[in-house]
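Close look at the chain arrangement
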Amino acid sequence: MSFTRVCQSSEIPQGGMRRVMIEDRTPVTIYRVGDEFFATSDYCTHGIASLSEGELKGDIIECPFHGGAFNCRTGEPVEAPCVVPLTRYAVEARDGELFVGPLQYESAA
Ligand code: FES
């Protein structure tokens, strides 16, 4: 997978996130923590909730369903009932634009 331009970095405020589609079919959530950007699969590994509809607190993304949570830097689950890590993607910021890809870790879900 090559890098895909997804949006301008200014479109995601600090402490914010945004759902984007890559390769026309894969939903990914981009998180902004300070001046760093991280990307994971948009779907929670516990169910099919969209994490972009959850709440980002620091680098912890809380799922909108069931109280589960993940670290958006690592994709690791930090709160039950989530136990399977999120798929992570590389994010690069170039000249004010954000690019996503390739896969860094694919969850077993
Ligand atoms: S769907 Fe995310 S915690 Fe259940």
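Note that the coordinates shown come from a computational prediction; the quantities given were computed from them, not determined experimentally.

The rules we used
Residues numbered from 1 in each chain as written. Predicted model: local features only at pLDDT ≥ 70, side-chain atom pairs only at ≥ 80, totals over all residues. Helix = DSSP H or I, 4+ residues; strand = E, 2+ residues; numbered from the N terminus. Buried ≥ 20, exposed ≤ 12 C-beta atoms within 10 Å, placed from the backbone. Contact = placed C-beta atoms within 7 Å. Pairing = 2+ DSSP bridges. Axes fitted to C-alpha atoms, helices over the stretch in contact; angles between N-to-C directions.

**Focus: the overall build of the protein**
Counting its regular elements, the protein contains 0 helices and 10 strands. Beginning at the N terminus, the succession of helices and strands in the protein can be written as β-β-β-β-β-β-β-β-β-β. By principal-axis analysis of the C-alpha atoms, the protein measures approximately 40 × 25 × 20 Å. Taken across its 109 residues, the protein has 34% of its residues classed as buried. If you take every contact in the protein between residues at least 6 apart in sequence, the share linking residues at least 24 apart comes to 38%.

**Things to note about the pairing of strand β3 (residues 26–33)**
Direction of pairing for strand β2 (residues 17–22) relative to β3: antiparallel, over a ladder of 6 bridges. By the bridge assignment, Ile 22 is partnered in β3 with Thr 26. Alignment of β3 against strand β4 (residues 36–41), held across 6 bridges, turns out to be antiparallel. Looking across to β4, one finds that Ile 30 is bridged to Ala 39. Two successive antiparallel strands, β3 and β4, enclose a turn made up of 2 residues, where Gly 34 displays a positive phi of approximately 65°.

**Focus: unusual backbone geometry**
A cis amide bond links Ala 80 with the next residue in sequence, Pro 81, at an omega value of 10°. Positive phi, close to 65°, is recorded for His 66, a residue that is not glycine. Of note, His 66 is situated in the loop between β6 (60–62) and β7 (69–71). At Asp 95, a position not held by glycine, the phi torsion is positive, near 50°. Position of Asp 95 among the secondary structure elements: in the loop between β9 (88–94) and β10 (97–105). Among the residues examined, Asp 95 registers 6 C-beta atoms within 10 Å and is labelled exposed.

**Looking at the sheet that holds β6**
Here we have 4 strands laid out as an open sheet, ordered β5-β6-β7-β8, and antiparallel in their pairing. With one partner strand each, in any of the chains shown, β5 (55–57) and β8 (77–79) form the two edges of the open sheet. Going across the sheet, the axis of each strand differs from the next one's by a mean of 30°, ignoring polarity.

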